[in-house]
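The residues making up each chain are set out below.
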Amino acid sequence: AFDADKIKGNIEVRYAKTGESLITLDKIERKLQGSELIIADSNGPIALAGVMGGQSTAITETTQSVFLESAWFDAACVRKTAKLHSISTDSSFRFERGINPDFTLKVLENAVILIANECGGKPEFSPIDIQTIPTPKTKIHLQYGKINALVGTEIDPVRIMQIGRAHV
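Residues numbered from 1 in each chain as written. Predicted model: local features only at pLDDT ≥ 70, side-chain atom pairs only at ≥ 80, totals over all residues. Heavy atoms only, no water.

### Observations concerning the pairing of strand 6 (residues 44-48)
Defined as follows: Only protein chains enter the calculation, and the probe is 1.4 Å; a residue is then buried if its accessible area is under 20% of its type maximum, exposed if over 50%, and partly exposed in between. Per the convention used, a helix needs a DSSP run of H or I reaching at least four residues, while a strand needs a run of E reaching at least two, with both numbered from the N terminus. DSSP calls a pair of strands paired once it identifies at least 2 bridges connecting them.
Counting buried positions along strand 6 yields five of five residues, so the element is predominantly enclosed. Pairing between strand 5 (residues 37-41) and strand 6: four bridges, direction antiparallel. Residue pairing for strand 6: I39 is matched across the bridge by A47. The antiparallel pairing of strand 5 with strand 6 creates a hairpin that spans two residues between the two strands.

### Structural notes on the packing of aromatic side chains
The test is simple: Think of it this way: a Phe, Tyr or Trp ring, Trp meaning its six-membered ring, pairs with another when their centres are within 6.5 Å, and the plane angle makes it stacked under 30 degrees, edge-to-face over 60, tilted otherwise.
Under the counting rule described, the total for this entry stands at two aromatic pairs. Ring centres of F2 and F67 lie 6.1 Å apart, and the angle between their planes is 45°; this geometry places the pair in the tilted category. You can see F2 sitting in strand 1 (residues 2-3) and its partner F67 sitting in strand 8 (residues 66-67), a full 65 residues away along the chain. For F2, a relative accessible area of 5% puts it in the buried group.

### Looking at the layout of surface pockets
We count it as follows: Buried and open spaces are told apart on a 1 Å grid over the protein atoms alone, a cavity being a set of points where a 1.4 Å probe fits but cannot get out and a pocket being an open set with protein on both sides within 12 Å along at least five of seven lines. Residues with an atom within 4 Å of a point are the lining residues. Grid points are joined across faces, edges and corners, and a volume is the space filled by probe spheres set on the points. Three classes are used: nonpolar for Ala, Val, Leu, Ile, Met, Phe, Trp, Tyr, Cys and Pro, charged for Asp, Glu, Lys and Arg, and polar for all others, with Gly counted as polar.
The volume enclosed by the second largest pocket comes to roughly 820 Å³. Of all the secondary-structure elements, those providing two or more residues to the lining of the second largest pocket are strand 6, strand 7 (52-53), helix 2 (90-96) and helix 3 (104-119). Ranked by residues supplied to the lining of the second largest pocket, first place goes to helix 3 with five residues. Across the lining of the second largest pocket, the residue classes tally to 20 nonpolar, nine polar and three charged.

### Things to note about the environment of V158
Here V158 lies in helix 5 (residues 157-166). With 104 residues separating them along the chain, V158 and G54 place their C-alpha atoms 48 Å apart.

So, in structure tokens, the structure goes:
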């Protein structure tokens, strides 16, 4: 989440330029090496992608407009950045272990609803979906007998498939 009024120009995801710096949310100035994936506006870095946001666009008590980003970042890239800067966050922990890129839009929708319900305001939801790498579809082979043995009851195979589809 970013304070939308503090973002200058357009947002881009790119690799840092050697010598750029970013003051992260923990108030530490990070000298960037050029290998970090960052989120930047026209003034420069505003977040270490998948690791930690920056102070320059942080949400505060006076924030009036919020810009939400929901993204998938390569696990190895996030791990290298977190290790390089000795940062461990909930975000980096999750990205380092791999997340499903197909959930980013649904997570964003849920975040908009949650923030609107908890904080008030008027949600304006117009997502921009930029998928640079198509997500390969994974086939899962189910053995209904094993599922039923695991849960300790008898569930009809059609119902198992309905439950599975509802969580995708």
